[in-house]
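Here are the chains, one letter per residue:
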Amino acid sequence: MRTGLRWFKFAISKVSDFRGRAGRSEFNWYVLFFVLFAALCFGLDTIVSDYPIIVSIYFSLAIVPSILLVIRRLHDIGHSGCWCILFFSGSSVNALSNVLPFR
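Per chain, the residues get numbers from 1 upward, laid out in the order the sequence is written. Under the rules for a predicted model, residues below a pLDDT of 70 receive no local features and side-chain atom pairs below 80 are neither given nor counted, while totals for whole chains, interfaces and linings still include all residues. Only hydrogens and water are removed before side-chain values are computed, so all heavy atoms of the structure are retained for them.

### Some details on the packing of helix H2 (residues 24–48) against helix H3 (residues 53–76)
Here comes step 1: To obtain an axis, a line is fitted to C-alpha atoms, over the contacting stretch when the element is a helix, and the angle between two such axes runs from 0 to 180 degrees between their N-to-C directions. For the purposes of this entry, the term helix denotes a DSSP run of H or I that reaches at least four residues, the term strand denotes a run of E that reaches at least two, and both are numbered from the N terminus. Two elements in contact, H2 and H3, have axes whose closest approach is 11 Å; the angle formed by their N-to-C orientations is 170°. Regarding the angle of H2 to H3, the classification is roughly antiparallel.
Here comes step 2: The nonpolar class holds Ala, Val, Leu, Ile, Met, Phe, Trp, Tyr, Cys and Pro. Asp, Glu, Lys and Arg form the charged class, and all remaining residues, Gly among them, are polar. For the contact of H2 with H3, a count of residues per class yields 18 nonpolar, 1 polar and 6 charged. Angle categories are assigned with fixed cut-offs, so that under 35 degrees is roughly parallel, over 145 is roughly antiparallel, 65 to 115 is roughly perpendicular, and the rest are oblique.

### Re the nonpolar core
Here comes step 1: Within the largest apolar cluster, 12 residues are counted, these being Phe8, Ala11, Ala22, Tyr30, Phe33, Phe34, Ala38, Cys41, Val55, Tyr58, Ala62 and Leu69.
Here comes step 2: Elements with a minimum of two residues in this core: helix H1 (4–13), H2 and H3.
Here comes step 3: Broken down by element, the residue count for this core peaks at 5 residues, all from H2.
Here comes step 4: Here a residue-residue contact requires only that any non-hydrogen atoms of the pair lie within 4.5 Å. Here Phe34 is in contact with Phe8, Tyr58, Phe59, Ala62 and Ser66, once residues within four sequence places are set aside. In plain words, nonpolar cores are sets of buried Ala, Val, Leu, Ile, Met, Phe, Trp, Tyr and Cys residues tied together by side-chain atoms within 4.5 Å. Type-normalised accessible area, obtained with a 1.4 Å probe on protein chains alone, sets the label of each residue: buried when under 20%, exposed when over 50%, and partly exposed for intermediate values.

### Observations concerning the confidence of the model for the protein chain
Do not read the fine detail of predicted coordinates wherever pLDDT is low.
Here comes step 1: As a per-residue measure, pLDDT reflects the predictor's confidence and takes values from 0 up to 100. Taken residue by residue, the protein chain gives an average pLDDT of 79. The fraction at 70 or more is 78%.
Here comes step 2: The least confident element of the protein chain, judged by mean pLDDT, is helix H4 (residues 82–99) at 69; the most confident is H2 at 88.

### Some words on the pattern of salt bridges
Here comes step 1: Salt-bridge detection follows one rule: a side-chain nitrogen of Lys or Arg within 4 Å of a carboxyl oxygen of Asp or Glu. Per the counting criterion, the structure on display carries 2 salt bridges.
Here comes step 2: The salt bridge involving Arg72 is made with Glu26; its shortest N-O contact spans 3.1 Å. With Arg72 in helix H3 and Glu26 in helix H2, this residue pair connects regions lying 46 residues apart in the sequence. For the pair formed by Arg72 and Glu26, the shared burial category is buried.
Here comes step 3: Note that Arg73 is salt-bridged to Asp76, the shortest N-O span being 2.6 Å. With Arg73 and Asp76 both in helix H3 and 3 residues apart, this pair spans about one turn of that helix.
Here comes step 4: Overall, Arg73 belongs to the buried group, its relative accessible area being 16%.

### Things to note about the packing of aromatic side chains
Here comes step 1: By convention, a stacked pair of Phe, Tyr or Trp rings (six-membered ring in the case of Trp) has centres within 6.5 Å and planes under 30 degrees apart, an edge-to-face pair has planes over 60 apart, and any other such pair is tilted. On inspection of all chains with the given rule, the structure shows 6 aromatic pairs.
Here comes step 2: Seen in terms of ring centroids, Phe33 and Phe37 are 6.0 Å apart; in terms of plane orientation they differ by 45°. Their pairing is tilted. On the criterion of helical spacing, the pair formed by Phe33 and Phe37 is a turn pair, its members being 4 residues apart in helix H2.
Here comes step 3: Under the relative-accessibility criterion, Phe33 is labelled buried at 16%.
Here comes step 4: Among the aromatic side chains, those forming a connected cluster through ring pairs are Tyr30, Phe34, Tyr58 and Phe59.

Pasting the structure below:
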């Protein structure tokens, strides 16, 4: 039986594995610790400075393991990893539409 932090470390250690599967507990524990660490980084950023430096570093380091974990979880439930591309491309278009000015 693995504890939550061990599941988080396990998901981070399988960065180069595209073909494996991620169980429900591995995915849920990873998301829980991802959110907790993000909240901790956000709290540290508000204390240290007005700019989100620590959060930016954390997200830039955690985006690849997160995407790969989502792909492995999709494999586990019987779907293709290409569904992940649709989600992230939609999120990118939404983020750009909020940033770019419209006339």
